[in-house]
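Coordinates in review
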Amino acid sequence: MLRVLAVDDEGPALDELAYLLRQDTRIEHVATAKDGVTALQDMVQMIATGERLDGVFLDVRMPGLDGLDLARLIGGFPAPPKLVFVTAHEDCAVQAFELEAVDYLLKPVAAARLAETVRRLEAVATSGARPAAEDIIPVELGGRTRFVTMKSVWFAEAKGDYVRLHTGDGSYLVRMSLAALERRWSDSGFLRIHRSTLVAVRHVTELRQESGRTLVQVGTETLPVSRRHTRHVRETLIRQLRTPHPLLLNPRPPPSALVRGPAFARRGPPCPPAAHRGGGPVSASGPGSMG
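Residues numbered from 1 in each chain as written. Predicted model: local features only at pLDDT ≥ 70, side-chain atom pairs only at ≥ 80, totals over all residues. Heavy atoms only, no water.

**Description of the sheet that holds strand 1 (residues 2-7)**
With parallel pairing, five strands are arranged side by side in an open sheet as 2-1-3-4-5. The open sheet has two free edges, formed respectively by strand 2 (27-33) and strand 5 (103-106), since each of these has just one partner strand. The mean inter-strand angle of the sheet, taken between neighbouring strand axes irrespective of direction, is 20°. The sheet strands contacting helix 2 (residues 36-49) are strand 1, strand 2 and strand 3 (55-58), and the helix crosses strand 2 at an angle near 135°. Set on the sheet, helix 3 (residues 67-74) makes contact with strand 3 and strand 4 (82-87); between it and strand 4 the angle comes to about 180°. (Pairing = 2+ DSSP bridges. Helix = DSSP H or I, 4+ residues; strand = E, 2+ residues; numbered from the N terminus. Axes fitted to C-alpha atoms, helices over the stretch in contact; angles between N-to-C directions. Contact = heavy atoms within 4.5 Å.)

Structure follows, in structure tokens:
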């Protein structure tokens, strides 16, 4: 999940942006700053304490240190967060993208347009993250902290506002939604088989049908596949399994026919209009503004 900073010298605009960002389930934390200098100080403090910052939503026109100047300073950080500009001015889009901005939003920002920007930010931010196979979830157990690796998890089960992680040596309750965990691990071989169940494909050893129900064997557990997910689960397992023989799903197969086996990344000049830079006008308000 993303951790972001929103910067705007206009209080109502900053409050509205922060509110919309906090409604997005892909965003874990939203910090705010009312000017560029404060934002820079906050970011330096985050770096000093090891706090992660994935993205900065910047207004362009601010007194003192404006958004473009701040973006240039951010670009000099060892691991700079990604930039998104949020402004009422269209004429700085070219400079913004020269600074490798993820997006350029025009005020007032629509929720749907912001959601698309967050999707882009998430894709760019996670592409440079450590491999998900190394992901570790800390679990508190009576004063002790157990570190559960993603690779050890057989399946995850929704329990209200919590998720229970099932492994070969026990199960552990963590406070997060199954949807958030699915987003976090979907590119690492985890598959939704039921609205309340997410399984690790690497631990699936059997797929079968009994009395009209589709079941998967995960570790030592037999789990039901919902009718809604059956086709997708079957196709995904067939595609991902790496076994000597194709995976077959047969009604009431004899034991010998069951498929078993191991598991099926200095301040610049005022912004000129884009047309004055040798090109046509830049459209920055639509979903396709980034190409």
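**A short note on the environment of Thr230**
Mapped onto the fold, Thr230 is located in helix 7 (residues 227-240). Sequence separation between Thr230 and Arg192 is 38 residues, and the spatial gap between their C-alpha atoms is 10.0 Å.

**Topic: the pairing of strand 1**
When you tally the buried positions in strand 1, you get six out of six residues, the bulk of the element. Burial along strand 1 is two-sided: Leu2, Val4 and Ala6 and Arg3, Leu5 and Val7, pointing in opposite directions, are all buried. The pairing of strand 1 with strand 2 spans six bridges and is classified as parallel. The partner of Val4 across the bridge, within strand 2, is Val30. Regarding the hand of the β-α-β motif, the stretch spanning strand 1, helix 1 (residues 11-23) and strand 2 is right-handed. Note: strand 1 against strand 3, four bridges, orientation parallel. Bridging from a neighbouring strand, Val4 pairs with Gly55 of strand 3. (Buried < 20%, exposed > 50% of the residue type's maximum accessible area, 1.4 Å probe, protein only. Right-handed = clockwise from strand over helix to strand, strands pointing away.)

**Thoughts on the nonpolar core**
Core analysis: the biggest nonpolar cluster contains 26 residues, and Leu5, Val7, Met43, Val56, Leu58, Phe85 and Tyr104 have the highest contact counts within it. Looking at this core, the elements with two or more residues in it are strand 1, strand 2, helix 2, strand 3, helix 3, strand 4, helix 4 (93-98) and strand 5. Tallying contributions element by element places helix 3 first for this core, with four residues. (Core = buried A, V, L, I, M, F, W, Y, C linked by side-chain atoms within 4.5 Å.)

**Structural notes on the side chain of Asp59**
Take Asp59: it is sitting in the loop between strand 3 and helix 3. Contact partners of Asp59, with chain neighbours within four places excluded, come to Val7, Asp8, Asp9, Gly67, Val86, Thr87 and Lys107.

**Considerations on the sheet that holds strand 12 (residues 197-200)**
Strand order in the open sheet made by the five strands is 10-9-8-12-11, with antiparallel pairing throughout. Across the chains shown, the open sheet's two edge strands, defined by having one partner strand only, are strand 10 (170-174) and strand 11 (190-194). Taking the axes of each pair of neighbouring strands and ignoring which way they run, one obtains an average angle of 25° across the sheet.

**A closer look at the environment of Ala115**
Within the fold, Ala115 resides in helix 5 (residues 111-127). Given a relative accessible area of 28%, Ala115 falls into the partly exposed group. Ignoring sequence-local partners within four residues, the contact set of Ala115 consists of Asp24 and Arg26.

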